[in-house]
Amino acid sequence: MTSAIVKAYPYLEVAESTVTFVGGNITVPNVVTNPSSSALGSNTSVPMPVVVQDLENFWRGVNLVYAFGRDMVDGGGTTYSYVSTTGNNTFSFTTTLDIPRISKPDIFKFVQPLVDSLNGIGIAVNNTTPTSSTR
Amino acid sequence: MKPTEQVAGYPGNNAVNPAFRKTIMHADIFDPLTPSFRGPAKAVIDEYAVFNSHINKIRAATPGSGAYINEADVQEPNWQQSFFGDKYEKLLEIKKKTDPWGLFWAPTTVGSEAWEVMTADGLPTQNGQLCRAKSS
């Protein structure tokens, strides 16, 4: 046993968006799955993620998401991101963006500035359709 | 993440790593190239040195911060500060009072400085005898 629940809280609805893109000289993008989202039962694997050929720009994109983490935690949410090497100087990046007690349309609006800033540096991700937790 | 005291509230006074109360980001790195610990020890030690040079950049960028003991490097430098922050002194008092014989031991836990596991291959596994640590 590695953990124990000491106090349980009433059911909490959590809305979730994701951002995913891959970087480097990639000709055939691999499916990218966000492990924490899958663990919670959401199917957020992205079969054809946006490719950012220029690695400097890929890392710029990663930094934009990290910086948006501040907005997320100030808004009561959390992000869970993964950067992985995928061989031959290529990388993948995926993050969940979770906010409790918020509707799916509202998290969509909340995340829009991040999507805009990524689009602004040429990372053409879409604002994903949010999911929310189920009992 | 932002697990401040206000959010946590109850029970309040506890030994949670104080770095968590001020953090907005927890960062881990994993090395997919670490050779098997069942193979030659030198390969593991050499790969670890490369890996450590990367995590050192995060350490240097976050002075006075900390690491999450349950998923951290067992060889974390200055682990007393890293895992326990300014709670260490009080925790050590409690340890000395409740276990003056040092009966309970695990690496990088409170009061573990007096003992260490000597492994034959020098790897930081716990496969070896628990011996008194050499005094520094």
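Each chain carries its own residue numbering, running from 1 in the written order of its sequence. For naming, the first written chain is A and the first written ligand is 1, with later ones following in the order written. With pLDDT at 70 or above as the cut-off, local features in this predicted model cover only qualifying residues; side-chain atom pairs require 80 or more to be listed or tallied, and sums for whole chains, interfaces and linings still use all residues. In computing side-chain values, all of the structure's heavy atoms are included and hydrogens and water are not.

Trainee: Requested: an account of the pairing of strand 1 (residues 14-23) of chain A, with residues and values cited.
Mentor: Residue and element names in this part refer to chain A. For strand 1, a buried count of 9 out of 10 residues is recorded, marking the element as mostly surrounded by other parts of the structure. Here strand 1 runs beside strand 4 (residues 91-100); their pairing, made up of 10 bridges, is antiparallel. Each residue of the ladder has a partner; that of Gly23, found in strand 4, is Phe91. Any two strands are treated as partners once DSSP identifies two or more bridges connecting them. Helix numbering and strand numbering both begin at the N terminus, where a helix is a DSSP run of H or I of at least 4 residues and a strand a DSSP run of E of at least 2. Both strand 1 and strand 5 (residues 131-132) contribute to a ladder of 2 bridges, which runs antiparallel. By the bridge assignment for strand 5, Ala15 is matched with Ser132. When strand 1 meets strand 2 (residues 50-52), the two strands line up parallel, connected through 3 bridges. Bridging from a neighbouring strand, Phe21 pairs with Val50 of strand 2. For the exposure calls, accessible area comes from a 1.4 Å probe over protein chains only, and a residue counts as buried if that area is under 20% of its type's maximum, exposed if over 50%, partly exposed in between.

Trainee: Outline helix 3 (residues 104-120) of chain A, supporting the account with residue identities and numerical values.
Mentor: Residues and elements named next belong to chain A. The first and last C-alpha atoms of helix 3 sit 24 Å apart over 17 residues, in line with the 24 Å expected at 1.5 Å per residue. Note that bend, as reported per residue, equals the angle between axes fitted to the 7 residues terminating at that residue and the 7 residues originating from it. Its maximal kink placed at Val111, helix 3 deviates by approximately 35°, while the proline Pro113 follows within four residues. The contact definition used throughout considers only heavy atoms, calling two residues in contact when any of these lie within 4.5 Å. Here the buried face of helix 3 lies against strand 1, helix 2 (55-74) and strand 4. Downstream of helix 3 by one or two residues, Gly122 has phi in the positive range, about 90°. Helices are assigned an expected span. That span is 1.5 Å times one less than the residue count.

Trainee: Lay out the packing of helix 2 of chain A against helix 3 of chain A in plain terms, naming residues and giving numbers.
Mentor: Residue and element names in this part refer to chain A. Axes, fitted as lines to C-alpha atoms, cover a helix only where it is in contact. Angles between the N-to-C directions of the axes lie from 0 to 180 degrees. Here helix 2 crosses helix 3 at 160°, and the two axes come no closer than 10 Å. Classed by the angle they form, the pair helix 2 and helix 3 counts as roughly antiparallel. The element helix 2 and its partner helix 3 pack so that their crossing is right-handed. Contacts between helix 2 and helix 3 involve Gly61, Leu64, Val65, Phe68, Asp71 and Met72 from the first element and Phe110, Val111, Leu114, Ser117 and Leu118 from the second. Between 65 and 115 degrees an angle is taken as roughly perpendicular, under 35 as roughly parallel, over 145 as roughly antiparallel, and anywhere else as oblique. Crossing handedness: left-handed means the near helix sits turned counterclockwise from the far one by under a right angle, and right-handed means the same turn made clockwise.

Trainee: An account of the pattern of salt bridges is needed here, citing residue identities and associated values.
Mentor: All names here are of chain B. Criterion for a salt bridge: a side-chain nitrogen of Lys or Arg within 4 Å of a carboxyl oxygen of Asp or Glu. According to the stated counting rule, one finds 7 salt bridges over all chains in the structure shown. Here Arg21 makes a salt bridge to Glu5, at a shortest N to O gap of 3.6 Å. A residue pair is termed long-range when its members are at least 10 positions apart, and Arg21 in helix 2 (residues 19-22) and Glu5 in helix 1 (residues 5-8) qualify at 16 residues. Looking at Arg21, the relative accessible area reads 18%, which means it is buried. Between Glu76 and Arg59 there is a salt bridge; the shortest N-O distance is 2.7 Å. Remark: Arg59 occurs in helix 3 (residues 41-61) and Glu76 occurs in the loop between helix 3 and helix 4 (79-84); sequence separation between them is 17 residues.

Trainee: Lay out the interface of chain B and chain A with the relevant residues and their values.
Mentor: Opposite the 5 residues of chain B that make contact, chain A presents 6 residues. Here the quantity called buried area is the total loss of accessible area, with a 1.4 Å probe, experienced by two parts when brought into contact, counted for both. Taking both partners together, chain B and chain A bury about 570 Å²; carbon and sulfur atoms supply 67% of that area. For the pair chain B and chain A, the number of links is 1 salt bridge. The partner of Asp74 of chain A in a salt bridge is Lys2 of chain B, and the shortest N-O contact between them spans 2.4 Å. Any N or O atom pair separated by 3.5 Å or less is treated as a polar contact, with the protein-specific requirement of one donor-capable and one acceptor-capable atom, and with residues adjacent in sequence counted only for side-chain atom pairs. Put simply, chain B and chain A have 1 residue pair in polar contact (both at pLDDT 80 or more) between them. Gly counts as polar in this scheme, as do all residues outside two lists: the nonpolar Ala, Val, Leu, Ile, Met, Phe, Trp, Tyr, Cys and Pro, and the charged Asp, Glu, Lys and Arg. Split into classes, the residues belonging to the side of chain B that touches chain A amount to 4 nonpolar, no polar and 1 charged.

Trainee: Give me the lowdown on the environment of Asp71 of chain A, citing residues and values where you can.
Mentor: Along the chain, Asp71 of chain A falls in helix 2. The sequence separation of Asp71 of chain A and Leu114 of chain A amounts to 43 residues, and the corresponding C-alpha distance is 9.7 Å.

Trainee: Tell me about the side chain of Glu47 of chain B, and name the residues and values.
Mentor: Residues and elements named next belong to chain B. Note on placement: Glu47 falls in helix 3. For the purpose of charge, His is not counted, nor are the chain termini; Lys and Arg are scored as positive and Asp and Glu as negative. An unpaired buried charge is present at Glu47: no salt bridge exists, and Lys42, the closest side chain of opposite charge, is 11 Å distant. Setting aside anything within four residues of it in sequence, one finds Glu47 in contact with Asp31, Leu33, Thr34 and Pro35.

Trainee: Account for helix 3 of chain B, with residues named and values stated.
Mentor: The terminal C-alpha atoms of helix 3 of chain B, which comprises 21 residues, lie 30 Å apart, in line with the 30 Å expected from a rise of 1.5 Å per residue. Listing the buried residues of helix 3 of chain B in full gives Ala41, Val44, Glu47, Phe51, Asn52, Ile55 and Arg59 of chain B.

Trainee: Go over the environment of Val32 of chain A, please, and point to the residues and values.
Mentor: Residues and elements named next belong to chain A. With respect to the secondary-structure elements, Val32 resides in the loop between strand 1 and helix 1 (35-39). By relative accessible area, Val32 is classed as buried at 8%. It is 8.2 Å that separates the C-alpha atoms of Val32 and Met48, two residues lying 16 residues apart in sequence.

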